[in-house]
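Architecture and fold: a report
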Amino acid sequence: MYGMVSGHSDSKRNTSRSNRHRHRNNDNVHRSVYRRLVSFFRETWTGIKMGLDSEYEEVDVQQDRYTPEALDNLCEITKFNKRELQLMYRGFKQECPSGMVKEETFKGIYAQYFPRGGDTSQYAHYVFNTFDQDHTGSITFTDFVVGLSALSRGSVQEKLKWTFNLYDINGDGYITKDELFRIVTSIYDQMGRAVDSVVDDHTTKEHVDKVFKKLDLNQDGVVTMDEFLDSCTRDENITKSIGFFDTVL
């Protein structure tokens, strides 16, 4: 009898350890994605790797080209100074001479920041739509710096609002469990072999159910912006981890 109880107890402890290990891996995957996302925007279109320090140059208005907002205006609506915006604009224009980036180009560049074997296209689509708030099919320089400012320099609340908009796939002001599942699945897909050993359909559903229950404070089947902010700001791990991603150009 004692041996059976002991064995059952050991089994429960092992299961508990396994669950904790899975959830830690889930959290690590999400943090890794956030770090790569910030690095992707920060390095791809800022000109940092080339060490550029040029004047802010406007793109002529013709056909498909875009003229960015005045530099002083961008300083007011973002957390970047003039020199940083100069660097970013030159880097952005080198990658996107028209002053705008289309989704397919965005996906191609984004894929370089994740492991081989991962499928980044779906998550990149969601990220692209979060930056393309006007749903024009292109990200302009203004779209880029406003989004990057919130993502890398914003307060915890601003970063969480950006994340909410990412998870609110259809833009109706609510996150459903299906939307959360689609985002989480796309995160695992893009990490490829890095998560294959710890993630399966059952694990994903279990993780989504747990997270959604935590976010949906009034248990009405949808998560509002207020619920999302309230739940996330109460979680010390979330507020600490999201604060690590501030960047200085």
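Residues numbered from 1 in each chain as written. Predicted model: local features only at pLDDT ≥ 70, side-chain atom pairs only at ≥ 80, totals over all residues. Heavy atoms only, no water.

- An unreviewed UniProt entry lists the chain under the name Kv channel-interacting protein 1-like isoform X2, with Limulus polyphemus as the source organism.

1. Structural notes on the pattern of salt bridges
- Within this structure, the stated rule accounts for 10 salt bridges.
- Taking the shortest distance from any N to any O, the salt bridge between Lys82 and Asp72 comes out at 3.0 Å. Residue Lys82 is located in helix H3 (residues 82-95), and its partner Asp72 is located in helix H2 (residues 71-77); the two are separated by 10 residues in the primary sequence.
- With its nearest N and O atoms 2.8 Å apart, the salt bridge here joins Glu84 to Arg153. Residue Glu84 is found in helix H3, and its partner Arg153 is found in helix H6 (residues 141-153); the two are separated by 69 residues along the sequence. Each of the two residues, Glu84 as well as Arg153, counts as buried.
- Each of the salt bridges in this network shares a partner with another, and the network as a whole consists of Glu103, Glu104 and Lys107. (Salt bridge = Lys/Arg side-chain N within 4 Å of Asp/Glu carboxyl O. Helix = DSSP H or I, 4+ residues; strand = E, 2+ residues; numbered from the N terminus. Buried < 20%, exposed > 50% of the residue type's maximum accessible area, 1.4 Å probe, protein only.)

2. Structural notes on H6
- Between its first and last C-alpha atoms H6 spans 17 Å; for 13 residues at 1.5 Å apiece the expected length is 18 Å, and the two agree.
- For H6, the tally of buried residues reaches 12 of 13 residues, placing the bulk of the element in the interior.
- Those residues of H6 lying buried are Phe141, Thr142, Asp143, Phe144, Val145, Gly147, Leu148, Ser149, Ala150, Leu151, Ser152 and Arg153. (Expected span 1.5 Å × (residues − 1).)

3. Here's the deal with unusual backbone geometry
- Here His135, not a glycine, exhibits a phi torsion of approximately 55°, which is positive.
- As for its position among the elements, His135 is in the loop between helix H5 (121-131) and strand E2 (138-140).
- In the Ramachandran plot, Gln219 falls in the positive-phi region, its phi being about 55° despite a non-glycine side chain.

4. Here we look at the environment of Thr140
- If you trace the backbone, Thr140 turns up in strand E2.
- With 38 residues separating them along the chain, Thr140 and Lys102 place their C-alpha atoms 9.2 Å apart.

5. Here we look at the packing of helix H4 (residues 103-111) against H5
- Remark: H4 packs on H5, axes separated minimally by 9 Å, with the N-to-C direction vectors making an angle of 125°. Considering their axes alone, H4 and H5 lie oblique with respect to each other. By crossing handedness, the relation of H4 to H5 is classed as right-handed. Judged by residue contacts, Glu103, Phe106, Lys107 and Tyr110 of H4 engage Ser121, Tyr123, Ala124, His125, Val127 and Phe128 from H5.
- Here the residues of the contact of H4 with H5 are counted per class, giving 6 nonpolar, 2 polar and 2 charged. (Axes fitted to C-alpha atoms, helices over the stretch in contact; angles between N-to-C directions. Parallel < 35°, antiparallel > 145°, perpendicular 65-115°, else oblique. Left-handed = near helix turned anticlockwise from the far one by under 90°. Contact = heavy atoms within 4.5 Å. Nonpolar A, V, L, I, M, F, W, Y, C, P; charged D, E, K, R; others polar.)

6. Structural notes on the UniProt feature "domain: EF-hand" (unreviewed entry) in the chain
- Taking the numbering used here, the UniProt-annotated feature "domain: EF-hand" (unreviewed entry) corresponds to residues 119-154, 155-190 and 203-238.
- Structurally, residues 119-154 is divided into 67% helix and 8% strand, and its ends, taken at the C-alpha atoms, are 29 Å apart.
- Helix makes up 72% of residues 155-190 and strand 8%. Its end C-alpha atoms lie 27 Å apart. (UniProt positions renumbered as here; feature names shortened; annotations may be inferred.)

7. Observations concerning the environment of Thr239
- Structurally, Thr239 is set in helix H12 (residues 236-243).
- Given a relative accessible area of 23%, Thr239 falls into the partly exposed group.
- Sequence-wise, Thr239 and Gln157 are 82 residues apart; in three dimensions their C-alpha atoms are separated by 9.2 Å.
- Other than its neighbours up to four places away in sequence, Thr239 contacts Val156, Cys232 and Thr233.

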